[in-house]
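Okay, here's what each chain looks like letter by letter:
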Amino acid sequence: MAGKGAKPKKEPLAPPPADLPPAPGIGNMSLAGTMQEIAAMLELKGENRFKIQSYRRAADTLLNMPEDIRAIWRQGRLEDLPNIGEAIAGKIDELLRTGRLQFYERLRAEIPPGVLALTAIPDVGPKTALALYQALGVTSIADLETALAAGRGPEVPGLGAKSLERLRESIAAVKQRAADQRALLAVARPLARQIIDQLRGSGLPIDQIDMAGSIRRGRATIGDMDILCTSPQPQRIVDFFIALPIVGAVVGHGGNKATVRLRNGLQVDLMVLPPEHFGALLHHFTGSREHNIQMRDRALSRGLKLNEYGFDRPDGTRILCAREEDVFATLGLPWIPPELREGAGEIEAAGRGRLPHLVTVADIKGDLHNHSKWSDGTATIEEMARAARDRGYQYMAITDHSQSLTIAGGLTVDQIRQQAAEVAEVNRQLAPFRVLHGVELEIKTDGTLDYPDAVLASLDIVVASVHQGLRHEAERVTQRVIDACRNPHVDIIGHPTGQILNSREPSGLDVAALIAVARTTGTALEINASPERLDLNEIYTRQAVEAQVLLAVDTDSHHPEGFANVEYGITVARRGWAQAADILTTWPLDKVLAWLQQRQ
DNA sequence: GCCGTTTTCGGCCCGACTGTTTTCAGTCG
């Protein structure tokens, strides 16, 4: 028998030769994408659904795991990962060694091109997609639309008149949706709060109300919103909800639920529930899918069946859960914060009493990356400082752009020297509040920094960022950022990957390599809280936390209202399992000053 | 294809909804 705790294996996959580099461009994300594609193609082939599920779960593991897959591979530990066994480990190994996967390429050759795309249509899954292809020969949504318009369709087995009509509507909807995008959390969450406030203020009887789904877990972008509440008068709640001014169209409504589309296009589901089921339903609709699967698995191992109404015992009786805490307690667990519910080890951690004490907005004591009128901000240094002080902060850094970023009014060496006098004056007025004089320093396309070291040494703090040459090849971007990280004057790497949600992909930066360097240099990595950035993301945040690399939640504010965005940076930090001690900007001023001093 | 504090074989999360193939399959969240 194998030793306790270890997963017994006949012959573990050998680690790669020490001198073999991983194939370029292959990391956690791309591997997860490949696994998802394999799952979709196997589904189309009608493969065993549990095999398909295995590839999906392996993809989830890759997406949520806190470590870089290449490091695990190098150590020969692929099969130690949950949901990754001999077969999938072998495929990951093949991809990392050679950059290709024969199994995947054979599947691609087998599946008619374009059929997969049909499954983007609502209510069209693999079975329907294949039937459409076989009966009509269509290999794209456009093909299908043309065929249906020409009166074809009745020859597809299993599709009656109703289904065909529905299909036409779904195609119209999917074409519309392609133009739309997922909403930023910073757009969706205030809307959800507004709806909840209006329902609460309606005068109608509401006992409990909360948002659920990805908005409650705090994902960076939101597809649609779920709001759950309890009330003795569900119909009146539903009627009030669908008549809200913010509602653009009512998609459907009944006695205790309604689906609407807001004026900005976001879909919102409201459900009014019996109070005795509220906890179980809130848990069920908060998800994520993988978290729910693992919770049900844990229930099964205890002879219970978990569903959205509670736990069913083998004798047919039911354990009701009015509060979410009851769901966890029934499985011997403490309540798990929604931000952690991604099925990425939180249930195991909860079971061992090892959940992190997640950082909160209330822990934040300052903000170390902000702009003023001196470059591209809209407020004076004093206005920014007063706004930060009014939030209860002890300090704020002014970090206007450096000279190379001309488009943002970057400061010359002379200008930033002049700026120091204004910072000193604001500090005289607002003491003991402290404005740190800093810069958001360009990491230039040639890899050098935008000010000489002597100038950097005269500043309180330096945030180094990439704005230009984000599309450079991965090795080059990585080298530029790592070189900046190694400069002892650089304190923080700003928005490391440069991603803009919904519009710009992250650069090719090898974040794992950056984390490894930051660990040795003691440089902090930023979680930029600007809602369209959220960079580092939660996955890299967790990698940094595990590596004990310091993080800085900064809002990159260009006006006084920007400080409120700290909420979104904190959400990322929480999703990355960060505690207050991991975050530089939760530290009090004297500790931050001592840290900066010691770095000089 | 993965997994194991009853297990190395035989399971695998659960229920709602819909249409149609009148007893269930497909899709979704």
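Not measured: the values here are computed from a predicted model.

1. Some words on the overall build of chain A
Item 1. Each helix and strand counted, chain A has 24 helices and 17 strands in total.
Item 2. By the compact-globule yardstick of 25 Å for 600 residues, chain A fits well, its C-alpha radius of gyration being 27 Å.
Item 3. Counting only C-alpha atoms, chain A reaches 75 × 70 × 60 Å along its principal axes.
Item 4. Relative to its full complement of 600 residues, chain A shows a buried share of 51%.
Item 5. Considering only contacts within chain A whose residues lie at least 6 apart along the sequence, 69% involve residues at least 24 apart.

2. A few points about empty space enclosed by the protein
Item 1. Within this structure, the stated rule accounts for two cavities of 30 Å³ or more.
Item 2. Taken as a whole, the largest cavity holds about 90 Å³ of empty space.
Item 3. Every residue along the wall of the largest cavity is listed here: Asn64, Glu339, Leu340, Glu342, Ala344, Glu538, Ile539, Arg542, Arg575 and Trp577.
Item 4. When residues of the lining of the largest cavity are assigned to their parent elements, the largest contribution, three residues, is made by helix α22 (residues 538–546).
Item 5. Residue composition of the lining of the largest cavity, grouped by class: four nonpolar, one polar and five charged.
Item 6. When we break the lining of the largest cavity down by domain, the ones giving at least three residues each are domain 4 (279–351) and domain 5 (361–599).

3. Structural notes on the sheet that holds strand β11 (residues 366–367)
Item 1. Taken in spatial order, the seven strands of this open sheet run β11-β12-β13-β14-β15-β16-β17, and their pairing is parallel. The open sheet is flanked by β11 and β17 (551–554), the only strands paired with a single partner.
Item 2. Alignment of β11 against strand β12 (residues 395–401), held across two bridges, turns out to be parallel. Its bridge partner lying in β12, Gly366 is registered against Tyr395.
Item 3. Packed on one face of the sheet, helix α17 (residues 381–390) meets β12 and β13 (434–442) and runs near 145° to β12.

4. Focus: the confidence of the model for chain A
Item 1. Confidence in the prediction for chain A averages 92 pLDDT; 97% of positions are at 70 or higher.
Item 2. Contacts for the low-pLDDT stretch residues 1–9, under 50 throughout, to residues beyond four places or in other chains number seven contacts.

5. Quick look at the sheet that holds strand β8 (residues 305–307)
Within a beta sheet, neighbouring strands are joined by backbone hydrogen bonds and run either parallel or antiparallel to one another.
Item 1. Strand order across the open sheet formed by three strands is β8-β9-β10, with antiparallel pairing between neighbours. The open sheet has two edge strands with one neighbour each: β8 and β10 (318–319).
Item 2. Pairing geometry for strand β9 (residues 310–312) and β10, over two bridges, is antiparallel. Bridge assignment links Phe311 to a residue of β10, and that residue is Ile319.

6. Looking at the environment of Val156
Item 1. In this structure, Val156 sits in the loop between α8 (141–149) and α9 (161–179).
Item 2. Counting along the chain gives 248 residues from Val156 to Ser404, while the straight-line C-alpha distance between them is 62 Å.
Item 3. With near-sequence residues (within four places) excluded, Val156 lies in contact with Ala131, Leu132, Ala135 and Leu136.

7. Concerning the protein's contact with DNA strand B
Item 1. Taken together, the neighbourhood of DNA strand B is formed by 41 residues, with Asn83, Gly85, Thr128, Gly160 and Arg296 sitting nearest.
Item 2. Among the atoms of DNA strand B lying within 4 Å of the protein, the sugar-phosphate backbone contributes 73%.
Item 3. With respect to DNA strand B, the backbone of Gly160 contributes an N or O atom lying 2.6 Å from a phosphate oxygen.
Item 4. Contributions of two or more residues to the surface near DNA strand B are made by α2 (49–64), α4 (86–98), α7 (126–136), α9, α14 (289–301) and β8.

8. Structural notes on unusual backbone geometry
Item 1. With an omega of 0°, the peptide bond running from Gly287 to Ser288 counts as cis.
Item 2. Turning to its location among the elements, Ser288 is positioned in the loop between α13 (278–286) and α14.
Item 3. The omega angle of the peptide bond from Asp535 to Leu536 is 5°, so this bond is cis rather than trans.
Item 4. Residue placement: Leu536 occurs in the loop between β16 (524–528) and α22.
Item 5. Even without being a glycine, Asn83 presents a positive backbone phi close to 70°.
Item 6. Its location among the elements puts Asn83 in the loop between α3 (69–74) and α4.
Item 7. Its identity as a non-glycine residue notwithstanding, Leu534 has a phi of 45°, on the positive side.
Item 8. Its place among the elements puts Leu534 in the loop between β16 and α22.
Item 9. Its relative accessible area of 4% is what places Leu534 among the buried residues.

Here is what the cut-offs are and how they apply
- Residues numbered from 1 in each chain as written.
- Chains lettered and ligands numbered in written order.
- Predicted model: local features only at pLDDT ≥ 70, side-chain atom pairs only at ≥ 80, totals over all residues.
- Heavy atoms only, no water.
- Helix = DSSP H or I, 4+ residues; strand = E, 2+ residues; numbered from the N terminus.
- Rg over C-alpha atoms; globule rule 2.2 N^0.38 Å.
- Buried < 20%, exposed > 50% of the residue type's maximum accessible area, 1.4 Å probe, protein only.
- Contact = heavy atoms within 4.5 Å.
- 1 Å grid on protein atoms, 1.4 Å probe; cavity = no way out; pocket = protein on both sides within 12 Å on 5 of 7 lines; lining within 4 Å.
- Points joined across faces, edges and corners; volume = space filled by probe spheres on them.
- Nonpolar A, V, L, I, M, F, W, Y, C, P; charged D, E, K, R; others polar.
- Domains from an automatic or database assignment.
- Pairing = 2+ DSSP bridges.
- Axes fitted to C-alpha atoms, helices over the stretch in contact; angles between N-to-C directions.
- pLDDT = per-residue confidence, 0-100.
- Near = heavy atom within 4 Å.
- Polar contact = N/O pair within 3.5 Å; in protein donor to acceptor, adjacent residues only side chain to side chain.

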